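Report on the structure
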Protein chains: 8
Amino acid sequence: MTPDALRALLQAVVDGTVSVEDALRRVTHAPYQELGFAKVDTHRALVQGAAEVIYGEGKRADEVARIAQALLERGQNVVVTRADAATAAALCALAPDARYVERGRVLSVVRTAPPRLGSAALVCAGTSDLPVLEECAAVCGAWGIEVERFVDVGVAGLHRLLAVREAIDARDVVIVVAGMEGALPSVVGGLTKKPVIAVPTSVGYGTNLGGLTTLFAMLSGCSSGVVVVNVDNGFGAAAAARRMLAR
Amino acid sequence: MTPDALRALLQAVVDGTVSVEDALRRVTHAPYQELGFAKVDTHRALVQGAAEVIYGEGKRADEVARIAQALLERGQNVVVTRADAATAAALCALAPDARYVERGRVLSVVRTAPPRLGSAALVCAGTSDLPVLEECAAVCGAWGIEVERFVDVGVAGLHRLLAVREAIDARDVVIVVAGMEGALPSVVGGLTKKPVIAVPTSVGYGTNLGGLTTLFAMLSGCSSGVVVVNVDNGFGAAAAARRMLAR
Amino acid sequence: MTPDALRALLQAVVDGTVSVEDALRRVTHAPYQELGFAKVDTHRALVQGAAEVIYGEGKRADEVARIAQALLERGQNVVVTRADAATAAALCALAPDARYVERGRVLSVVRTAPPRLGSAALVCAGTSDLPVLEECAAVCGAWGIEVERFVDVGVAGLHRLLAVREAIDARDVVIVVAGMEGALPSVVGGLTKKPVIAVPTSVGYGTNLGGLTTLFAMLSGCSSGVVVVNVDNGFGAAAAARRMLAR
Amino acid sequence: MTPDALRALLQAVVDGTVSVEDALRRVTHAPYQELGFAKVDTHRALVQGAAEVIYGEGKRADEVARIAQALLERGQNVVVTRADAATAAALCALAPDARYVERGRVLSVVRTAPPRLGSAALVCAGTSDLPVLEECAAVCGAWGIEVERFVDVGVAGLHRLLAVREAIDARDVVIVVAGMEGALPSVVGGLTKKPVIAVPTSVGYGTNLGGLTTLFAMLSGCSSGVVVVNVDNGFGAAAAARRMLAR
Amino acid sequence: MTPDALRALLQAVVDGTVSVEDALRRVTHAPYQELGFAKVDTHRALVQGAAEVIYGEGKRADEVARIAQALLERGQNVVVTRADAATAAALCALAPDARYVERGRVLSVVRTAPPRLGSAALVCAGTSDLPVLEECAAVCGAWGIEVERFVDVGVAGLHRLLAVREAIDARDVVIVVAGMEGALPSVVGGLTKKPVIAVPTSVGYGTNLGGLTTLFAMLSGCSSGVVVVNVDNGFGAAAAARRMLAR
Amino acid sequence: MTPDALRALLQAVVDGTVSVEDALRRVTHAPYQELGFAKVDTHRALVQGAAEVIYGEGKRADEVARIAQALLERGQNVVVTRADAATAAALCALAPDARYVERGRVLSVVRTAPPRLGSAALVCAGTSDLPVLEECAAVCGAWGIEVERFVDVGVAGLHRLLAVREAIDARDVVIVVAGMEGALPSVVGGLTKKPVIAVPTSVGYGTNLGGLTTLFAMLSGCSSGVVVVNVDNGFGAAAAARRMLAR
Amino acid sequence: MTPDALRALLQAVVDGTVSVEDALRRVTHAPYQELGFAKVDTHRALVQGAAEVIYGEGKRADEVARIAQALLERGQNVVVTRADAATAAALCALAPDARYVERGRVLSVVRTAPPRLGSAALVCAGTSDLPVLEECAAVCGAWGIEVERFVDVGVAGLHRLLAVREAIDARDVVIVVAGMEGALPSVVGGLTKKPVIAVPTSVGYGTNLGGLTTLFAMLSGCSSGVVVVNVDNGFGAAAAARRMLAR
Amino acid sequence: MTPDALRALLQAVVDGTVSVEDALRRVTHAPYQELGFAKVDTHRALVQGAAEVIYGEGKRADEVARIAQALLERGQNVVVTRADAATAAALCALAPDARYVERGRVLSVVRTAPPRLGSAALVCAGTSDLPVLEECAAVCGAWGIEVERFVDVGVAGLHRLLAVREAIDARDVVIVVAGMEGALPSVVGGLTKKPVIAVPTSVGYGTNLGGLTTLFAMLSGCSSGVVVVNVDNGFGAAAAARRMLAR
């Protein structure tokens, strides 16, 4: 509740158009819907700039469906990440216009076209990183961020990357998805002045340590101003891009 | 070298105004100045959007001074991070208009006023985090990013944070510097739709693990779209803010 | 054996009502029942304040059943944690009044109603943390601790938490179950003066490190006096609450 | 601000005894004092049950002194942990009645005798753990918790521990400070039904890993209901005891 | 080849009873049998005091059988650890007198009764540790070490351990198998002057870290002279006991 | 593009045989073939000395087949590592002359016999290390490096190693594959002056830490000049050997 | 207190020669001397086979001296490990016959010659490991274990080790002190059937990880029956040897 | 001792020119010189291809001097790494022709000019890596490997690296010294077919983890055939280069 809203409310109490008890309830109760097993945050769009995205991991298909329904009934779009086949089926039964990106495990129901927020270059070091890149791309799409993919441009073959350098630099933000030694964001960061969001993936073995080495290397990288999200967190990169583009 | 520049160069070869050997040299040689112990990248401002910042750690005062002089001679501003007292003295001798922020260990010589890029809220969980916050603030200042500090607003006393929530949200980007359990960026991220850059600090003991726990917690945070830089990397947060604001 | 008991025993030896050999046996032998594969500690209720709870992990269903039977025959209640379906079936065959909480994997046979020990607020950051919360709730229930659940009140949507703040504070102890960045106990600890027991869960990915980051962040938290148990250890939190409430 | 206070405030607005603007300010501003470099939380005693304790690490002596003065001026007691000699000197100059426990590095100014909250057994595995134990003891003392020390009762010589078992059990809470393999809390937890708070210390070498092994072992311990605080965090154990005893 | 054997060989060369080429071959070639995929070390009994034990993990049943046959043909006993059901079946087909301990996954064919080497107390903190304890027991049995088991004597119920203290002390060596916080060897080490071999097990969760915490705690233990083998290495404890008893 | 090629191209522009736009395209575009999901680097043989090897892990069989086909159509040999059965089948359907080494999971189609590059000794500490050794051997074979295997020569039975010492030393490079404590490369390095490439394997348990201990021990080894590749990276050892032998 | 002693005590109560209260005190109080800051365990020699050794780290010189005096007054020998120069001076002032081994930091006062327990080979991989080896040697000496040193016999120069192999094997126990990759105990274990105690040292850098890699490698070693103590724990190896030799 | 030497020795025994006892001694004793605290391996040059290099860390100046003297007396060159000022002074006193490279802490006395072995490119990502690079360069120089330095060519400014690409490729081996994210060897490996030896340095902070992240990233790198040595091990890279060039 903003100061302005609060001021208006207090004035309404003085004016007698709102009772003390009503005002009390409005000030102390938050705008969410209680489903028993979850509180659906129907006002998050106002506060954080995007409707709540449902994280599908560890939720049953019917639980996801009920949360989705609550959002749809309020006229909000629905985005579910880490959605497995069962969840996808349940949502498609609920909303025939649902779209499921299997590789990225993202399901979306977009009934209100989002305003166009800008564009993102999605850069990828290898085909194994595609699932994370596609999660990011699907969420960007549902939020009005136009994406262009630059796949298989790893640092061991620099000419492939240099060939697309200007195309990457032409986008509003750059999202670099990489596993293994995580060098790509450093190199890309040295080639563009645009915001660079690095997403480490858990692709690799041995000293890759499930993506931790990739993460650490990205954070230790020598191109300044590259920022990082959690391992395999394609959604997080999209959300970060949204914050940057929505300003 | 951009495609346009290359096209112009090639045309000049055809026109005979540039010889083949000259063109060859221009295409294959990069714009930097060789100092023997370092190659000063005098064109970085064009590519990455900001002149090279000198990382003072592990460099001798006279080495830093020589690099600084090379930049100043080309009319570029100078920013040195991790500058100790000796380096500060050497630079001040070189440039009487140098400004040294002792707490943040940043030295800057700003002869060309930078264009104003926007504003940043610098949020800080405790007084122990001030050195990192001040490094960030000094670099922002040298680059034309206006900063406002919000100090000592940790999560254990939420009312202090809630009291400044709207002031934070009014800035273009939010930089949250925090040590210990690193919860502040998550909470702040839930209160604003602006870009949030989290900087873990190595303030803490025991399970803090030199800031790694703070870093990991920030990356695992439940507010979407919060991005992270390396431990104690106040400079990196400023550089990330610059990329976002310079678009 | 307490000093009083020992004094009485020694006096009985002097009085001749107990032989030297009998006294010797009583002093050196402990009160447990040997099952061959396990020693059932039938007197633990006297020493530690609660009957032995059977940890079901890694025990065969029939082994658990035999231990349970030994306890029941002595008139003690039975609580089994980490009980899988097979163990639940075996115990239900043994005791038709057994109650199985599937989500928390706890099986209990409560034949002697425990004295009411007080109340606990069980606070939970997300639906994924429910299995651990339910383990804790089921054990509390079997021990006479009344529980109230506060589910889905994570720090990214502070208004949900602030709405229930006073209800939480009204309980005798507060148990906070959280995964990911583990910030919730710090925030809750700043809102109540009651004992706060934090239970990290292994919910998360990447830098969550199987719950270790959550654990470390909780231990590094800036609200003073918050205590922590092992990852996913809902039972341990109940046992800690019992120690606090039984005083 | 509690619902009752808010209701009263709203009523005062209706009654005209408080203006809308005043009410607005009261609702949105929190009770703290701005010192520039710190916000002194003068109302924490109401919310969390104890006045703010000053964590001396990383603060300059004069900064600590100014915070202390702000508290003293409001009639609150002062406790500073991790206070070095310079800080101790500054505080003693400020308050001649200050008391400094050098081994525990705790400085306290107790002008209002705290109510007696109960008693704590402070159990210690070795002389090397004394600094942490004394930090805990000094804070307990300043808060009205009576302490009794049981020093040098490690598990390698069980008879020393068994000799004091009943005396330990007679206290309201038990705080066990231990380094190395961290076995003592498990053993003590098996001998008492009182709350047991384990404090790992960084005493040891090699596989002790700066106290992490001790911490992990304590969390993995087989006595149920033992809770743990951060490595070397004697203050945290006192604060946890306070929460338990203040109920 | 011992110096005596070498001296004899050289003398035989001088005497002409052995040719230079024969001597050369004897000196440079080691006593093993080449199977193509493995070199069976048929003389290890002479050097290290026990015939080679076959580590079954990662070997196919037929490979184990062929190695076993090579040993049996030379009149040596066979011991296979980490033997799964298929390997057990293959060995039983080869040697009807083979004995398989399923819980410890050890298969043995003992055709030459080993000399009695002494006795070992096998102490175990919980039923979950039985697989490791039984691996140790089976290997001891095959090598002539008499074992007595002390099961379920964890430190949380000290009276169970104290009741068997003297029986443990009566054995030649003590092998303590424990998971979780690994405190048992420290406590046992304080109760006996016999050699104590600690075997950490991977029983536990969360901060147990797959047995590493147990291992580290054992190595940090405060009872002097306790030695440790690798996690879950029941065989290694038996081999260590053999070295001690065979002197 | 080499300077010579660039000079020739520029001259052709001057001569008018190549247009400015053509030259522009040639300079900025790299020699690879776009498959949509991958960029096949058909010129790598020129730059790095060997055709691109397909890393099969995480690629679908049909994807691998399409990349392989692109290479075969250009007359290049094909090597696929980490190839599972489905991939092997797809490739064999594509190229009847494909050869699949199941143990090493390597598939190769060698249509142009590679020049003989020299010889490698492949030394192996145990039968469990064979999969990694065979991956290395198969790749070496496809590249013209002759291999000789020395299997089961671990340090616990030194005579087996000493017996083959001279045969190992006779090869051009020595590749040592070892798990567990990783001591073999140190010992081998002390016995030869040839290049020694150490490959840690993830064979082991407990403190082996999935091969990390082996890796760390190899890097800490006391024989100078031993170099190391990633855990289980038999291919990497072959590639390193190729670099050494191709000089 | 043994069963026999207890039986005798109980009989004395029956006989009236010991009062009930006296018997009570004798049963419940342990044989130690209270110094305030420490409980000196004057009976440990009976239970664990050796008088308490004073661990000097973290104790003040005067504290060590007081403990030493308490032991000397009871006619016990004194051994102090990790004794710095100040402690050595204090002890020498107390007991002119004290002997200080500076390299091993061990101080001993041996007034009652210990019985000869046997012999130990102390094997050392490099001169940097000498401080740990000398700690072990000094303690062995004070306890009647004869030592022979084999210095600088690392695995990179096997001939140096093989030259002393038989001399090592002639001792009762073998203690191997090694840093870096920790391969020496494996190799030595393959050359002798005697008990082998491995002591990892923190000698090394980078991946040595302060001795952890050495420790892990020793525990993962392929020679069976090698046991390990904590990093740099030369004293622990001596204590383990004592347990083995005292049987 | 080679087979040929052994055959000759045995024949000499048959011929009577060598006695049995003499032969025995020659076979079993290794060629080293006993200094008491060290065994100088005077024959290593024959076996491993280079005289023993003295590792100065942890050795006293006089100890290093004595070892050096033993080598010089046998006409061998001397190389000391990790030599501090005191050691340098001691060696210069011993050998006026000693040369000390302070930045790399290497001291060498080269009296016999080594044969020229080839050339090495020493590539360095930043000025902070110079100490490790200079250690490598100094050792290379003492062994006859010609070096050329390429300093400050990090991946964030690719044009600096691309400008020297061909010069790097012209050398026999490439040694890449890098800290931070360790991406440089991957990029360099993609630009040359020569052997690439990567040396991680401990330059960095936060997630760099003392060079471990750099090491892990290098091992996970996507350019095939890049090999790695221990953190900061410039000497090891030189020794590896020697093995490669000496073939």
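About the thresholds
- Residues numbered from 1 in each chain as written.
- Chains lettered and ligands numbered in written order.
- Predicted model: local features only at pLDDT ≥ 70, side-chain atom pairs only at ≥ 80, totals over all residues.
- Heavy atoms only, no water.
- Pairing = 2+ DSSP bridges.
- Helix = DSSP H or I, 4+ residues; strand = E, 2+ residues; numbered from the N terminus.
- Contact = heavy atoms within 4.5 Å.
- Axes fitted to C-alpha atoms, helices over the stretch in contact; angles between N-to-C directions.
- Buried area = accessible area lost by both parts, 1.4 Å probe.
- Salt bridge = Lys/Arg side-chain N within 4 Å of Asp/Glu carboxyl O.
- Polar contact = N/O pair within 3.5 Å; in protein donor to acceptor, adjacent residues only side chain to side chain.
- Domains from an automatic or database assignment.
- Buried < 20%, exposed > 50% of the residue type's maximum accessible area, 1.4 Å probe, protein only.
- Right-handed = clockwise from strand over helix to strand, strands pointing away.
- pLDDT = per-residue confidence, 0-100.

1. So, the sheet that holds strand E4 (residues 78-81) of chain A
Residue and element names in this part refer to chain A. If you walk across this open sheet you meet the four strands as E3-E4-E6-E5, and the pairing is mixed. Across the chains shown, the open sheet's two edge strands, defined by having one partner strand only, are strand E3 (54-55) and strand E5 (99-101). Bridge analysis of E4 against strand E6 (residues 106-109) gives three bridges, and the strand direction is antiparallel. Paired with valine 80 across the two strands is leucine 107, which belongs to E6. Against the sheet, helix H5 (residues 85-94) makes contact with E4, E5 and E6, and its axis sits at roughly 10° relative to E6, the strand it touches most.

2. Describing the interface of chain A and chain H
Chain A puts 22 residues into the contact, and the matching count from chain H is 22 residues. Summing both sides of the interface, chain A and chain H together bury roughly 1,900 Å²; the carbon and sulfur share of this comes to 72%. Looking only at chain A, the three residues that lose the most surface to chain H are A:Glu181, A:Thr207 and A:Ser220, adding up to 27% of its buried area. Counting across the interface, chain A meets chain H through zero salt bridges. Counting the contacts that link chain A with chain H gives seven residue pairs in polar contact (both at pLDDT 80 or more). Within the residue set of the side of chain A that touches chain H, elements represented by two or more residues are helix H7 (158-169), helix H8 (184-189) and helix H9 (212-219) of chain A.

3. Re the domain arrangement of chain A
All names here are of chain A. Its domain assignment divides chain A into domain 1 (31-109) and domain 2 (118-246). With 12 residues of domain 1 at the contact, the number on the domain 2 side is 13 residues. Taken together, the two surfaces of domain 1 and domain 2 that pack against each other cover about 1,100 Å², and 62% of this comes from carbon and sulfur. Between arginine 82 and glutamate 135 there is a salt bridge whose closest N-O contact spans 3.2 Å.

4. Some details on the pattern of salt bridges
Enumeration according to the criterion identifies 64 salt bridges over all chains in this entry. Among the salt bridges present, the one from B:Arg103 reaches D:Glu63, with a minimum N-O distance of 3.5 Å. Highlighted residues: B:Arg103 in the loop between strand E5 (99-101) and strand E6 (106-109) and D:Glu63 in helix H4 (residues 61-73), drawn from two different chains. Relative accessible area serves as the criterion here: at 37%, B:Arg103 is assigned to the partly exposed category.

5. Some words on the environment of A:Cys140
Residue and element names in this part refer to chain A. Summarising the element assignment, cysteine 140 is placed in helix H6 (residues 130-142). Overall, cysteine 140 belongs to the buried group, its relative accessible area being 0%. Put simply, cysteine 140 and leucine 10 are 130 residues apart on the chain and 40 Å apart in space, counted from C-alpha to C-alpha. Other than its neighbours up to four places away in sequence, cysteine 140 contacts Ile145, Val147 and Ala238.

6. Section: the sheet that holds strand E3 (residues 54-55) of chain B
In space, the four strands of this open sheet follow the order E3-E4-E6-E5 (chain B), with mixed pairing throughout. Edge positions in the sheet fall to E3 and E5 of chain B, since each of these pairs with one other strand and no more.

7. Here we look at the pairing of strand E8 (residues 145-151) of chain F
All names here are of chain F. Pairing of strand E7 (residues 118-124) with E8 involves seven bridges; the strand directions are parallel. Its bridge partner lying in E8, cysteine 124 is registered against valine 151. In the classification by handedness, the crossover that spans E7, the intervening helix H6 (residues 130-142) and the parallel E8 is right-handed.

8. Digging into the confidence of the model for chain A
Residues and elements named next belong to chain A. The predicted model of chain A averages 86 in pLDDT, with 86% of residues at 70 or higher. Confidence, expressed as mean pLDDT per element, reaches its minimum in chain A at helix H3 (residues 44-48) with 49 and its maximum at strand E9 (residues 173-178) with 97. If you check the scores for this complex, the pTM reads 0.83 and the ipTM reads 0.84.

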